[in-house]
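# Survey of secondary and tertiary structure
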Amino acid sequence: MTGRRTGSQLPAGGDFPRPPAGTTPTRDGWTRVAAEDGLEVWRGPGEGPPLVAAHGIEDSWRNWRPLVERLPGWTPYALQLPWHGGNRYTWRAEGSPAQWLRRALALVPERPRLLLGHSFGANAILQHLATLDEDPQLSAVVLATPFYRPADYVLSEQLRLRSKAAFRRVLTDGLRLSLGDKASRMDPEIRNLMEQKLLERAVPSGFPVFFREFTDSGQLDLARITVPTLVLAGYRDEGLTPMRAAALGRAMPAATVRLDPEYGHFCHVAQADRMSRDTADFLHRVTARQPDHSQGETTVTELLDGQPTSYVGMPRYEGANIRTWIGFKHFMYLVEEAILQYFRDRGVGARDLYHRYGLGLEIVDSSVQLPVALEVDEQVYATVVSGRAKPGQGAPFNVSLTVERSGGTVTALKGKVRVALVTVKDGSGTEPVPPFLEPYVVPDVAALTHAEAGALEIPEGRTVAEVLTPEGSGALLWSWRAPYYYCHFSDRLQHSAYVRTLEEVVDRYLYSKDLAIGRLLEERGWIPVVSRARVQLLSDIFMEETVHTVFRVEEILRDAMYTARMDCYVQRGDRLERAATGTIMHGYAISRGEQAGTVAVLDQDVQAALLGGAA
């Protein structure tokens, strides 16, 4: 067995002989230059050192074109391998994926300097390199969404079932990707029939082949691979979960493993721009022999760096309370998830902040506008960009949520968020807080500058209700115990608790005024609509303290909307400390009849009831 080397630096373009001409080029300049035993080699337009790409299961060489066209300075080759779309999987009896890959590489007219692999093709490359007895003479390898099972990861029926579900999802996603724009224009019944036929053919014969390679992947001696390798995947990819990605990185020291929230399973097609940039950056480091710190200690020097973070998610099913529309609370939950992703991307996720530095990530202010409705099952794309910090007010961010409808991007939310890093009470941090986080660290929420902060005295002989909702105020008082499941860091209410409270106190107020949501739905067909909401934390409320929540309607706007305010107080001695405040702009849409789809007009009786009277 010969020793392994990392390969030479990438040579300049033009140093390789041109292969002979093949078949007639396709319209975009690709030519088949070799074919044997069901294998094909296609060469695309380009000059420079050769790169060779291996596709995934039930896929095709054609899907590499969007990516390699964005990698100038290379001569691209794409392989058609036996696990292509429509195959019967009898090839597995004639050789392993690595053996078939080697047969295909032998057909390439030039020795490759860069290997690209996607999914099953990526695993074939890993298997090929880990079992090769000679120097591959490669300069670099880039693998998109491989699958990996660490050797100590227990095989179980649950894992097999999860893997089968993921395999089915990959097949249907791949079909829709291949259909392109036609998928949205196609009759859903026809598209569903195509998907069903694909699953009926490919799953019974293809899944056993896939699962065999998946279960065996942890047995590969990946430490033998010394070629610099970039592994890219998304956080949601079942084949390379964060835990398994970390295990892959440990097993393969030559690999840089990077999970990106923007990537899907077919990132080489759907996120070709982003993947080409990541690939080009990696190749630049390889050629310049620059170290890559992405897997080591954080190299962040500024938290508010002006660079965007993306997050892809879906609203929770819980939020679809009326028809399939999503309530405002779940818009704000998606914002919260996007903020958490911003910190993860900079190496300081909520878990690390807590355990390494003894800090709790606290959203202290969230203000959102909701120009359109969201529906269940819609994929939501969040973007977070840092704002300009003001002393004593935490770290500011601008957040947007968009969805794709009718061939375009629609904004579903615009928001501003502020975050503080609060010192946790148990002192669990094991490391000093890095300088780039220090400006946002506070001992508690009350240490921030809040224009809304304040307290009310409870005069002797007066009750909390008399102080907070005096006669004639028209306000509702709702007192409740802060349960542990609304808390975090083992002791205090978190941002989402107040969002839930705002939703519930609105419902309680309307019910008390004989304007219950259910009644208006039944009698008038009115659907509640929220266009703005804001929640601010002013100080901390701790687990099992009593929260006194006051809600009042402040103004009717154009006979169509009303604005209202929520204040949350906690009693400390003879004072009521305002711990949180919120505002909401609320109205109704008509769901049936001739005026369906229009905004409801609030008649005088409804307005009087909203402002504190009786309906």
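Keep in mind the model is a prediction, meaning the values are calculated, not measured.

How each quantity is defined
Residues numbered from 1 in each chain as written. Predicted model: local features only at pLDDT ≥ 70, side-chain atom pairs only at ≥ 80, totals over all residues. Heavy atoms only, no water. Helix = DSSP H or I, 4+ residues; strand = E, 2+ residues; numbered from the N terminus. Buried < 20%, exposed > 50% of the residue type's maximum accessible area, 1.4 Å probe, protein only. Areas by Shrake-Rupley, 256 points an atom, 1.4 Å probe, with all protein chains shown as cover. Axes fitted to C-alpha atoms, helices over the stretch in contact; angles between N-to-C directions. Parallel < 35°, antiparallel > 145°, perpendicular 65-115°, else oblique. Left-handed = near helix turned anticlockwise from the far one by under 90°. Contact = heavy atoms within 4.5 Å. Nonpolar A, V, L, I, M, F, W, Y, C, P; charged D, E, K, R; others polar. pLDDT = per-residue confidence, 0-100. Pairing = 2+ DSSP bridges. Salt bridge = Lys/Arg side-chain N within 4 Å of Asp/Glu carboxyl O. Polar contact = N/O pair within 3.5 Å; in protein donor to acceptor, adjacent residues only side chain to side chain. Core = buried A, V, L, I, M, F, W, Y, C linked by side-chain atoms within 4.5 Å. Phe/Tyr/Trp six-rings, centres within 6.5 Å; stacked < 30°, edge-to-face > 60°. Lys NZ or Arg CZ within 6 Å of the ring centre and 35° of its normal.

### Description of the overall build of the protein
Scanning the protein from terminus to terminus reveals 15 helices and 22 strands. Counting only C-alpha atoms, the protein reaches 95 × 60 × 45 Å along its principal axes. Within the protein, the proportion of its 615 residues that are buried is 53%. When the accessible surface of the protein is totalled, it reaches about 28,400 Å², and 49% of it is carbon and sulfur.

### Points about the packing of helix H4 (residues 157–179) against helix H6 (residues 188–216)
As a packed pair, H4 and H6 sit with axes 9 Å apart at the nearest point and diverge in direction by 135°. As judged from the angle between their axes, H4 and H6 are oblique. The interaxial crossing formed by H4 with H6 has right-handed handedness. Contact residues: Leu159, Arg160, Ser163, Lys164, Phe167, Arg168, Leu171, Thr172, Leu175, Arg176 and Leu179 in H4; Arg191, Met194, Glu195, Leu198, Leu199, Ala202, Val203, Gly206, Phe207, Phe210, Phe211 and Phe214 in H6.

### A word on the packing of helix H2 (residues 97–107) against helix H3 (residues 120–130)
Two numbers describe how H2 lies on H3: the axes approach to 8 Å, and their chain directions differ by 90°. Judged on the interaxial angle alone, H3 and H2 are roughly perpendicular. In contact with Pro97, Ala98, Leu101, Arg102 and Leu105 of H2, H3 contributes Phe120, Ala124, Ile125, Gln127 and His128. For the contact of H2 with H3, the class distribution of residues is seven nonpolar, two polar and one charged.

### Digging into the confidence of the model for the protein
The share of residues in the protein with pLDDT of 70 or more is 92%, and the mean pLDDT across the chain is 89. In this model residues 1–21 is a low-confidence stretch, pLDDT under 50, and it forms 57 contacts with partners more than four residues away in sequence or in other chains. Taken as a whole, residues 290–300 scores under 50 in pLDDT and shows 15 contacts with residues more than four places along the chain or in a different chain.

### Section: the pairing of strand E10 (residues 359–369)
Of all 11 residues in E10, nine are buried; the element is thus mostly enclosed. Taken together, the five bridges between E10 and strand E19 (residues 526–537) define a ladder with antiparallel strand orientation. Within the sheet, the bridge partner assigned to Ser367 lies in E19 and is Arg534.

### A word on the pattern of salt bridges
Proximity of charged atoms lets side chains of opposite charge pair with each other. Scanning the entire structure with this criterion turns up 28 salt bridges. Where Glu262 meets Arg274, a salt bridge forms, and the shortest distance between an N and an O atom there is 3.3 Å. With a gap of 12 residues between them, Glu262 in the loop between strand E8 (255–259) and helix H8 (267–270) and Arg274 in helix H9 (residues 272–288) connect regions that are remote in the sequence. Judged by relative accessible area, Glu262 falls into the partly exposed class, the value being 29%. Residue Glu431 pairs with Arg356 through a salt bridge whose shortest N-O separation is 3.3 Å.

### Some points on the side chain of Thr549
When you line up the elements, Thr549 lands in strand E20 (residues 546–557). Only 2.9 Å separates the side chain of Thr549 from the side chain of Trp480, close enough to count as a polar contact. Residues contacting Thr549, with those up to four places away along its chain left out, are Leu476, Leu477, Trp478, Trp480, Thr501, Val505, Met566, Asp567 and Cys568.

### Thoughts on the environment of Ala320
Along the polypeptide, Ala320 turns up in the loop between strand E9 (309–313) and helix H10 (328–345). Separated by 263 residues in sequence, Ala320 and Ile57 place their C-alpha atoms 36 Å apart. Those residues within four positions of Ala320 in sequence are excluded, and the remaining contacts are Trp325, Ile326 and Val376.

### Observations regarding the pairing of strand E13 (residues 408–423)
Two strands pair when backbone bridges link them, and E10 and E13 are joined in this way by 10 bridges, in the antiparallel orientation. Of the residues in E13, the one forming a bridge with Ile363 is Val419. Relative to E13, strand E12 (residues 395–405) is paired through 11 bridges, and the arrangement is antiparallel. For Phe397, the partnering residue across the bridge sits in E13 and is Val417.

### A short note on the nonpolar core
One finds Phe343, Leu493 and Phe551 to be the most contacted residues of the largest nonpolar core, which totals 92 residues. Considering every element that reaches this core, the biggest residue donor is H10, with 10 residues. Formed by 61 residues, the second largest nonpolar core is a distinct cluster that contains Val41, Leu179, Leu199 and Phe210.

### Digging into the packing of aromatic side chains
Aromatic ring pairs are defined here through the distance separating the ring centres and the angle between the ring planes. Following the criterion strictly, the structure yields 25 aromatic pairs and no others. In this structure, Arg103 packs its charged tip against the face of Trp100, placed 4.4 Å from the ring centre. Taking the ring centre of Tyr153 as reference, the NZ or CZ of Arg244 above it sits at 5.3 Å.

### Comments concerning the environment of Tyr333
With respect to the helices, strands and loops of the structure, Tyr333 is situated in helix H10. Sequence separation between Tyr333 and Leu177 is 156 residues; the distance between their C-alpha atoms is 29 Å. Apart from residues lying up to four places away in sequence, Tyr333 is in contact with Ser496 and Arg500.

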